Amino acid sequence: MAVASIAHYDWPEEWPDLLPFLLKLIGDLTNMNGVRGGLRCLALLSGDLDDTVVPKLVPVLFPCLHTIVSSPQIYDKHLRAKALSIVHSCTSILGAMSGVYKAETSDLILPMLKSWIDQFSIILQSPVRFEDLDDWSIRMEVLKCLNQFVQNFPSLTEAEFSVIVTPLWQTFISSLKVYEASSVQGTDDPYLGGYDSDGAEKGLESFVIQLFEFLLTIVGNFKLVTVIARNVKELVYYAIAFLQMTERQVHTWSLDANQYVADEDDITYSCRVSGILLLEELIDSCGKEGIDAVIESAKKRFTESQQEKATGSTGWWRIREATIYTLASLSEQLLEAQDSGSTGFSIGNVIEQILTEDIGTGVHEYPFLHARAFSAVAKFSSVISQGILEQFLYAAIKAISLDIPPPVKVGACQALSQLLPEANKGVLQSHMMDLFSSLTDLLKQASDETLHLVLETLQSAVKAGHEAAASIEPIISPIVLNMWAENVSDPFISIDAVDVLEAIKNSPGCIHPLVSRILPSIGPILEKPRQQPDGLVAGSIDLVTMLLKNAPIDIMKAVYDVCFNSVIQIILRSDDHSEMQNATECLAAFVSGAKQDVLAWGGDPGFAMRSLLDAASRLLDPVLESSGSLFVGSYILQLILHLPSEMAPHIRDLVAAIVRRMQSCQIAGLKSSLLLIFARLVHLSAPNVEQFIDLLITLPTNGHENSLAYVMSEWTKQQGEIQGAYQIKVTTTALALLLSTRHAELAKIYVQGHLVKTTAGITTRSKSKVAPDQWTVMPLPAKILALLSDALIEIQEQVSADNDEDSDWEEIQDREEDDNQHFLYPTSTSSYSRPTAEHLDAMAKVFNEDQDENNEDDLLSGVDPLNEINLANYIIDFFVKFSRTDRTLFDQLCQSLTQAQHNAMQMVLNC
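This one's a predicted model, so the numbers in the text were calculated from it and none came from an experiment.

## Overview of the side chain of glutamate 473
For glutamate 473, the location among the structural elements is in helix 25 (residues 469–486). You can call glutamate 473 buried: its relative accessible area is 2%. A polar atom in the side chain of glutamate 473 sits 2.9 Å from the side chain of arginine 517. Among all residues touching glutamate 473, those that are not within four sequence positions of it are Pro478, Ile504, Cys510, Pro513, Leu514 and Arg517.

## Things to note about the packing of helix 27 (residues 511–527) against helix 29 (residues 553–573)
Close contact between helix 27 and helix 29 brings their axes to 10 Å; oriented N to C, the two are set at 15 degrees. In terms of orientation, helix 27 lies roughly parallel with respect to helix 29. Considering the relative orientation of helix 27 and helix 29, their crossing is left-handed. Taking contact as the criterion, the partners of Ile511, His512, Val515, Leu519, Ile522, Gly523, Leu526 and Glu527 in helix 27 are, on helix 29, Asp554, Ile555, Ala558, Val559, Val562, Cys563, Ser566, Val567 and Ile570. Partitioning the contact of helix 27 with helix 29 into residue classes produces 12 nonpolar, three polar and two charged.

## Overview of the side chain of threonine 584
With respect to the element layout, threonine 584 can be found in helix 30 (residues 577–594). Looking at threonine 584, the relative accessible area reads 1%, which means it is buried. A polar atom in the side chain of threonine 584 sits 2.6 Å from the backbone oxygen of methionine 580. For threonine 584, the residues in contact, after removing those within four places along its chain, are Ile571, Leu619, Phe631, Val632 and Tyr635.

## A few points about the pattern of salt bridges
Applying the stated criterion to the full structure yields 24 salt bridges. A salt bridge links glutamate 714 to lysine 717, with the nearest nitrogen and oxygen atoms 3.9 Å apart. In this pair, glutamate 714 and lysine 717 both sit in helix 38 (residues 707–718), three residues apart, roughly one turn of the helix. You can call glutamate 714 buried: its relative accessible area is 12%.

Conventions adopted
Here the residue index of a chain counts from 1 through its sequence in written order. Reporting in this predicted model follows two pLDDT cut-offs: at least 70 for local features of residues, and 80 or more for side-chain atom pairs to be given and counted; totals over whole chains, interfaces and linings ignore these cut-offs and use all residues. In computing side-chain properties, one takes all heavy atoms of the structure into account and sets aside hydrogens as well as water. Strands are runs of DSSP state E lasting at least two residues, helices are runs of H or I lasting at least four, and both sets are numbered from the N terminus onward. Any residue under 20% of the maximum accessible area for its type is buried, any over 50% is exposed, and the rest in between are partly exposed; the area is computed with a 1.4 Å probe on protein chains only. Distance and chemistry together define a polar contact, namely a pair of N or O atoms within 3.5 Å, with one atom able to donate a hydrogen and the other to accept it when in protein, and with adjacent residues in sequence counting only for side-chain atoms on both sides. Any pair of residues with heavy atoms lying within 4.5 Å of one another is described as a contacting pair. Note on definitions: angles span 0 to 180 degrees between N-to-C directions of axes, and those axes are lines fitted to C-alpha atoms, for helices only across the stretch in contact. For classification purposes, angles smaller than 35 degrees are called roughly parallel, those larger than 145 roughly antiparallel, those between 65 and 115 roughly perpendicular, and all remaining angles oblique. Whether a crossing is left-handed or right-handed is set by the direction in which the near helix is turned from the far one by less than a right angle, anticlockwise for left-handed and clockwise for right-handed. Under this grouping Gly is polar, as are all residues other than the nonpolar Ala, Val, Leu, Ile, Met, Phe, Trp, Tyr, Cys and Pro and the charged Asp, Glu, Lys and Arg. Whenever Lys or Arg places a side-chain nitrogen within 4 Å of a carboxyl oxygen from Asp or Glu, that contact is recorded as a salt bridge.

What follows is the structure, given as structure tokens:
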């Protein structure tokens, strides 16, 4: 280690004799300790080599390493594995270099590739033996080296790959026997969690995971996968057996339900996870053959488990659990295949047969099997018959009330959280009180990971048991509130608790008792925020905001009386960003819900308005850290939309404050939200948009001629990064309104245009510092026209993605992609084929779809009439009108467009 540490700094420049010395050392058969030391030193060094050393080192070093690896009669397996680890490190570095130096690295590897592949096949061809730990280690190093060769030099490896297939299969099959005996069935694995003298893990599970990783690499290679595809059924069949629960997992999960849930939710380092990744890739690569292989293998494994059970085997349940785990983990791909008709099997029938075999029996003896069945039902609910679903639903409701092993209750909760929303409400009602009772009992016992699951299930139960919620509210609410208070600093648990309370609030007859339960506790917390523990104030404001959403006016008034002034004071005085963000959202909810009433409730409308403006002023303070101001944009928009007459006298000061806040802003999302305010003000000023432009011109701004120049410079840079359907609609249409004015000042402003590619090759950080990105400069009107064209292109791409079919548009883009340079076309150039009416309809609708998913701010989109705008139609109408009313200017601006932008516009103008 000392030599390797020095060499890290001094070799090879100041220590040229080190490599010859180490090579001589590892070649001296009379001194095996020297061989061992030399290899370990090289292994430590190989992790720090760079692209200047490795090409010189490999031709000299690899023959010496090959001699060691290919001489089992002289060198033990530990030394040979160490030599292979050096090969792996060097090959990894060559692989990283191959992206830029493909020919050079290929020339380096090619002469020695066959001899290494031959040696790898020799090592892999004998069966894996349980008692030989060093054999696992050397095979693991072989697999790691092969992985690097296939990943980095696939075309070179393909020619030699046939040599490795049979030995690899031999290792795969024999490893399963050892793995089942040692890890799955064995209670005393002598190598469990072992490490070698260098700290590398040497357990069997690590070896199997490496085996799966190499197989995954092969399956991901479109040429090599054809070799695997011939035996895909056998591969899937054996892979399922590797997914059985180990004895260690059974022991750990039986003692700790939290660990069971955590390991199920997280992508943990395990055979089960690696095996599923392999099977997912198999399905992606092999299609119908992969799907059918999974179903056939699952049916075969299920039959085997039945036979084992009939013969009295105690471990029969493991392979059945692994089979269900496999199907559930691949559920998305399997259901997609079922929907598309690309499988010869009925997924629903297969699942029902496997899942119904054991329902209601042996829960205590085989808890993990029943837990897996419950969770699988939820995944496949769309293809399971209603009768079976109800059978599992009632079994799950019963399970959480019984004294049974925790894993079964975990599975039951997973099933309930998925099945309850779709369950027959009439049939369900008679069971709801028992279900609520059981879940509240579980809530008292739960902790950490299981708490999240129980709260999620409780939320589903409250929504499903709509009518019964009022009678259970006095029992559930106090428990959930206590849970929320105890975990307020844990964002995951506290959010889950608030979601449950929101579900209760939205149930008939629950909002008034819930609010009367919460307000007496929340009021004192918000009145004295500095005396509260960390997180409680921010969490309490979040709870208040939840109560305000869609609340009746009397509830809003009750919350106002207790909380409004405190929320204002928190914004004015707090330095805690979470408190300020939540308080800003809370004020926005007050204004959105109560509108003019929020001014009257306090008795002095003028004072209330000043309070709202003072809050806005603090949030727009340019000295304030950007994080504290994060949600100010939404708040100000609520003020503008719902209190327009009160805000009108303050617009000039407001605009000046927003500009100052933008100039000191460090967060792109905040800047976008402030630009949205400008866009909304443009709409509000219509049809007199020129007056708003004149207002911006009269406001001076640091570093720019006026506020208009600054705002439009930032807006045009940021437009492509703005997220959310509502936000994109408002800003895009506002740009069109600005351009429609033909205001003389717009043409005087020059903004960032197109990116100029100045350097070839990979752009590193050092390169970007020396030669940062350069942009052309273009007049503002031309840039706005380009941005409107980009919006049209984006809508068209979404249409094409949704339709998943070729279109005239795609053909145009393909033509454009054949040329790397931008071409500028006047509108008089040849036109393209006209789009169909159906195609334009699809363009018109695309921005109005999936609103729930795309909206980032329900308060805004829900109340703003601009959200009803059909963006595609709006832009098309604008282009048509602009080209007809001022053709000279239109043609002039079009000369600055790229070919893709020009094509987009030409397409709609030809309609």
